[in-house]
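Below, each chain spelled out in residue letters.
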Amino acid sequence: MHLPNQEEDSEDEPKLKYERLANGVTEILQNDAASCMTVHDKFLALGTHFGKVFLLDIQGNVTQKFEVSSVKINQISLDESGEHIGVCSEDGKVQVLGLYTREGFHEIFDCPIKVVAVHPQFTKSNYKQFVTGGKKLLLYERNWLNRWKMTVLHEGEGSITNIKWRANLIAWANNVRVKIYDISSKQCITNVLRDNVHLRPDMYPCSLCWKDNTTLIIGWGTSIKICAVKERNPTEMRDLPSRYVEIVTAFETEFFISGLAPLADQLVVLYFVKNSDHMDEEFRARPRLDIILPLHESYEEISSDALTVRNFRDNECRDYRLEHSEGESLFYIISPKDIVGARERDQDDHIDWLLEKKKYEEALMAADISFKNIKRHDVQKIGMAYINHLVEKGDYDTAARKCQKVLGKNMELWENEVYRFRTIGQLKAISRYLPRGDLRLKPAIYEMILYEFLKTDYEGFATLISMWPGDLYNNKVIVQAVNDHLQKDPSNSTLLTTLAELCTYDQRYDKALEIYLKLRHKDVYQLIHKHNLFTSIEDKIVLLMEFDKEKAVDMLLDNEDKISIDRVVEELADRPELLHMYLHELFKRDHHKGQKYHERQIGLYAEFDRPNLLPFLRDSTHCPLEKALEVCQQRNFVEETVFLLSRMGNSRRALQMIMEELQDVDKAIEFAKEQDDAELWEDLISYSIDKPPFITGLLNNIGTHVDPILLIHRIKEGMEIPNLRDSLVKILQDYNLQILLREGCKKILVADSLSLLQKMHKTQMRGVRVDEENICESCHAAILPSDMGKPFGVVMFHCRHMFHRECLPSSGGAFPGVQYCNICSAKRVDPWK
């Protein structure tokens, strides 16, 4: 079907696809002309100008033929089941008959009957209702006597030109207006007047279409109205119908309307285009099928197609009709000499259009997404077209990348593409995308590509060796090829690294290790770990550490069960700086593992790492102090010597070094505080007494350890001491603070004592339960008498022992009148506790 308004290079994809109804229809229309058609989801019913009705399949093949009249068939109506058909003709004949039964209705009127409509549920209904439209709107229904009863629903406004029956609502149009009749309430519920009154109603008839059970679409002339049938509020009904109609959308169009059909929220409109002098001959009088989106008072055009139907120049607006299949996006444009089917374009059509526009990427994506639903398209075929297009364009990398998706598991196609890329000199482009999983090409294919890279691109060759599994190709053949190239360039690091990888895959680990060490390649450590090559590196420890000290030490310490500490120390004996680093990291991990080397480490720390010497001396419990002191004294390491003297018990000498060598009063005071030795404080004071700055430091810091008066008394008369006033103020403040702390502690102590005393008194004053089970600890009889009416006495001590008063011995001694628990006294237990 030619769509002349769609330019070949248009970037807008059409919305509909057209196909002329052929086969039997072609033969029918050669000798006759179509006058009307009705669509069912199972078949089509076509009426002609010569009074015949044909039932057709959707391809246009004739399945049944009825000779109804000798003149024009005006209307055909089908019920929803497709089992009953209603037909009316220009000579007044009306027939309603069953397609699969002999029952039917036949009537001849004295005027042309323009329309007929059977009840949608005609087959299931007991009343078998249908309506006809001529000069009157007549309702026919069969009564209980199996006779047909006729009722006039409307007359007096000219011929009835269109009827559409949906559920219980019958919409019809005459020359003046559109009305809706509610068959359930037997009331007319609306009148919608014709807008284009200047147009002849016989030349520009009204088009009616139900979108659903409550939405009617009216097209008349250039006007479109969408009407909604609504339920009226019962409180407002009075004598009014229970339903009413509201016009929700109304707008004018550019052309004359020949037919309407719903498409979701949009409308499909068949337009008649009137001849105009300023119109191009190519478009003149060509009918248009537009998809529009109705708005409140206007519309938005979605698509517009000018159709080339047979004899379109001879047709008028009334000669076109638009019918549609309910539930399917399938539309039929009926003209006297042609019937065209239109349907929404599906995914196959979308892909066809993309391929036509050379939008291969989008076509491939669309085909992939709808793979399960594709009927005609082969995804691989689309993909190959895309690859060919990319190759022709010179975009070899994209073409190669698309091979992964398009060729998939088809190894034959893969090999063909590899050889094609070889022919055009683009093996490198496809090399990265070759299959290398469970499905693989022949080894010769991979070897061919490796040879190509080895000739021109060592880096690319190395990349492929890293990317590809070693079993894709013959490893020995490739190793030989690499060795051949190394003879020309023996120090090439890229080739050597690649050879190491190939040797690793071939399990020649010693050769790979040798190459990696020679190149100082970072992968040497991974190779050692992965293949447990620790026995092979025992004599290569120095090389490893020279390459990367941190990694080497970590590896050796992590695997000391495979390479012993003693072995490492032996290997590093001639490289003390490396030995120090190893032993230092060992000591950080465990202070005891390398204890036999602690004496050796003293000199190593002193030589290479003095900042860590003092921490080592503090943390090591295996370091010989005399040796350490000797080393530190030889090198004049004062801080380390002070620490060692202190640790060896010579605190006075250590303090002397601080004062004389370091001359740091703060450090001396801190040292004296740590030792907490009165003699040290005396030495410190004696050394500082003739040094005013030292006296200031002592005054500011010793208040909490030594009585400041002792220091003050020893200061010589007239000695000038820096900041003496501030130091004295601080001493007094410290003294006041100590007094305040003592008083505060005393108050807290008194308060706590009082609180505990009150708590004890309250506890001792509590009552104690005494019952028949308690006994006297002296006579072992029940503590309570059997006759509770007689007076009795019970004594209970805080130890919870109970006695009859008469069972206790009389008190005497130092505290007459005070009684004691005999049991607790015998055990020498304080009874007051």
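Residues numbered from 1 in each chain as written. Predicted model: local features only at pLDDT ≥ 70, side-chain atom pairs only at ≥ 80, totals over all residues. Heavy atoms only, no water.

**Notes on the overall build of the protein chain**
Phase 1 of the analysis: When its secondary structure is counted, the protein chain shows 28 helices and 30 strands.
Phase 2 of the analysis: For the protein chain, the residues scored as buried account for 45% of the 833 residues in total.
Phase 3 of the analysis: Sequence separation of 24 or more characterises 49% of the internal contacts of the protein chain that already satisfy a separation of 6 or more.
Phase 4 of the analysis: Counting every atom, the protein chain has about 45000 Å² of accessible surface; 48% of that belongs to carbon and sulfur. (Helix = DSSP H or I, 4+ residues; strand = E, 2+ residues; numbered from the N terminus. Buried < 20%, exposed > 50% of the residue type's maximum accessible area, 1.4 Å probe, protein only. Contact = heavy atoms within 4.5 Å. Areas by Shrake-Rupley, 256 points an atom, 1.4 Å probe, with all protein chains shown as cover.)

**Regarding the confidence of the model for the protein chain**
Phase 1 of the analysis: Of the residues in the protein chain, 84% reach a pLDDT of 70 or more, and the chain-wide mean stands at 82.
Phase 2 of the analysis: Here helix α26 (residues 708-714) is the element of the protein chain with the lowest mean pLDDT, 57, and strand β3 (residues 44-48) is the one with the highest, 97.
Phase 3 of the analysis: Scored below 50 in pLDDT, residues 1-9 makes 27 contacts in the model with residues more than four places away or belonging to other chains.
Phase 4 of the analysis: Low confidence marks residues 371-377, where pLDDT is under 50. Its contacts with residues over four positions away, or in another chain, come to 15 contacts. (pLDDT = per-residue confidence, 0-100.)

**Let's talk about the sheet that holds strand β24 (residues 288-294)**
Phase 1 of the analysis: Across the sheet, four strands lie side by side as β22-β23-β24-β25; this open sheet has antiparallel pairing. Each end of this open sheet is capped by a strand with a single partner; those strands are β22 (256-263) and β25 (299-306). When strand polarity is set aside, the average angle formed by the axes of neighbouring strands in this sheet is 25°.
Phase 2 of the analysis: Looking at chain direction, β24 and β25 are connected through seven bridges and run antiparallel. What sits directly across from Pro 294, in β25, is Tyr 299. (Pairing = 2+ DSSP bridges. Axes fitted to C-alpha atoms, helices over the stretch in contact; angles between N-to-C directions.)

**A look at the pairing of strand β11 (residues 130-133)**
Phase 1 of the analysis: The side-chain alternation of β11 yields two buried faces, one formed by Phe 130 and Thr 132 and the other by Val 131 and Gly 133.
Phase 2 of the analysis: Looking at chain direction, strand β10 (residues 115-118) and β11 are connected through four bridges and run antiparallel. Directly across from Val 118, in β11, lies its bridge partner Phe 130.
Phase 3 of the analysis: For β11 and strand β12 (residues 136-142), the ladder comprises four bridges, and the chain directions are antiparallel.

**As for the packing of aromatic side chains**
Phase 1 of the analysis: Summed over all chains, the structure comprises 14 aromatic pairs.
Phase 2 of the analysis: Measuring from centroid to centroid gives 4.9 Å for Phe 587 and Phe 616, while their planes differ by 65°, and the two rings are edge-to-face. Taken together, the positions of Phe 587 in helix α17 (residues 576-589) and Phe 616 in helix α19 (residues 613-619) put the pair 29 residues apart, joining distant regions of the chain.
Phase 3 of the analysis: Taking 5.9 Å as the distance between ring centres and 80° as the angle between the ring planes, the aromatic pair formed by Phe 797 and Phe 803 counts as edge-to-face.
Phase 4 of the analysis: Above the face of the Phe 453 ring, Lys 428 is positioned so that its terminal group lies 5.5 Å from the ring centre.
Phase 5 of the analysis: A cation sits over an aromatic face here: Arg 610 above Phe 637, 4.2 Å from the ring centre. (Phe/Tyr/Trp six-rings, centres within 6.5 Å; stacked < 30°, edge-to-face > 60°. Lys NZ or Arg CZ within 6 Å of the ring centre and 35° of its normal.)

**Considerations on a positive patch on the surface**
Phase 1 of the analysis: On the surface, Lys 476, Arg 508, Lys 511 and Lys 518 cluster together into a positively charged patch.
Phase 2 of the analysis: Taking the relative accessible area as the measure of exposure, Arg 508 reaches 37% and is therefore partly exposed. (Patch = residues over 30% accessible without salt bridge, like charges linked within 9 Å, V, L, I, M, F, W, Y side chains within 5 Å. Salt bridge = Lys/Arg side-chain N within 4 Å of Asp/Glu carboxyl O. Lys, Arg positive; Asp, Glu negative; His and termini not counted. Charge placed at Lys NZ, Arg CZ, Asp CG, Glu CD.)

**Concerning the sheet that holds strand β17 (residues 187-193)**
Phase 1 of the analysis: Within the open sheet, the four strands sit side by side as β14-β15-β16-β17. Their pairing is antiparallel. A strand with exactly one partner marks an edge of an open sheet, and here the two such strands are β14 (162-166) and β17. Strand after strand, the sheet turns through a mean of 15° between neighbouring axes, direction not considered.

**Things to note about the side chain of Arg 286**
Phase 1 of the analysis: Relative to the helices and strands, Arg 286 is located in the loop between β23 (266-272) and β24.
Phase 2 of the analysis: Here the side chain of Arg 286 touches Thr 308 through a polar contact of 2.4 Å, side chain to side chain. (Polar contact = N/O pair within 3.5 Å; in protein donor to acceptor, adjacent residues only side chain to side chain.)

**What to know about the packing of helix α6 (residues 411-423) against helix α8 (residues 443-456)**
Phase 1 of the analysis: At their nearest, the axes of α6 and α8 sit 11 Å apart, and the two run at 20° to each other. When the axis of α6 is compared with that of α8, the two are roughly parallel. Handedness of the α6/α8 crossing: left-handed. Of the residues in α8, those in contact with Glu 415, Val 418, Tyr 419 and Arg 422 of α6 are Ile 445, Met 448 and Ile 449.
Phase 2 of the analysis: Considered class by class, the residues forming the contact of α6 with α8 number five nonpolar, no polar and two charged. (Parallel < 35°, antiparallel > 145°, perpendicular 65-115°, else oblique. Left-handed = near helix turned anticlockwise from the far one by under 90°. Nonpolar A, V, L, I, M, F, W, Y, C, P; charged D, E, K, R; others polar.)

**Some remarks on the state of the cysteines**
Defined simply, a disulfide is a covalent bond joining two cysteines at their sulfur atoms.
Phase 1 of the analysis: Across all of its chains, the model carries zero disulfides by this definition.
Phase 2 of the analysis: Between Cys 821, a free cysteine, and Cys 799, which holds the nearest cysteine sulfur, the sulfur-to-sulfur gap is 3.7 Å. (Disulfide = S-S within 2.5 Å.)

**Quick look at the nonpolar core**
Phase 1 of the analysis: Counting residues in hydrophobic clusters, the biggest one holds 74 residues, and the most contacted among them are Val 418, Ile 430, Leu 434, Trp 468, Tyr 473 and Tyr 582.
Phase 2 of the analysis: For this core, the element with the highest residue contribution is α8, accounting for seven residues.
Phase 3 of the analysis: Here this core gathers at least three residues from each of two domains, domain 1 (346-437) and domain 2 (438-687).
Phase 4 of the analysis: Not counting residues within four places of it along the chain, the set of residues in contact with Tyr 582 comprises Val 553, Leu 556, Leu 557, Ile 565, Val 568, Val 569 and Leu 572. (Core = buried A, V, L, I, M, F, W, Y, C linked by side-chain atoms within 4.5 Å. Domains from an automatic or database assignment.)

**Brief notes about helix α5 (residues 396-407)**
Within an α-helix, residues lying three or four positions from one another point in the same direction, as the helix has 3.6 residues per turn.
Phase 1 of the analysis: Compared with the 16 Å implied by 1.5 Å per residue over 12 residues, the 16 Å span of α5 between its first and last C-alpha is a close match.
Phase 2 of the analysis: Positive phi shows up at Gly 408, right after α5, with a value of about 55°. (Expected span 1.5 Å × (residues − 1).)

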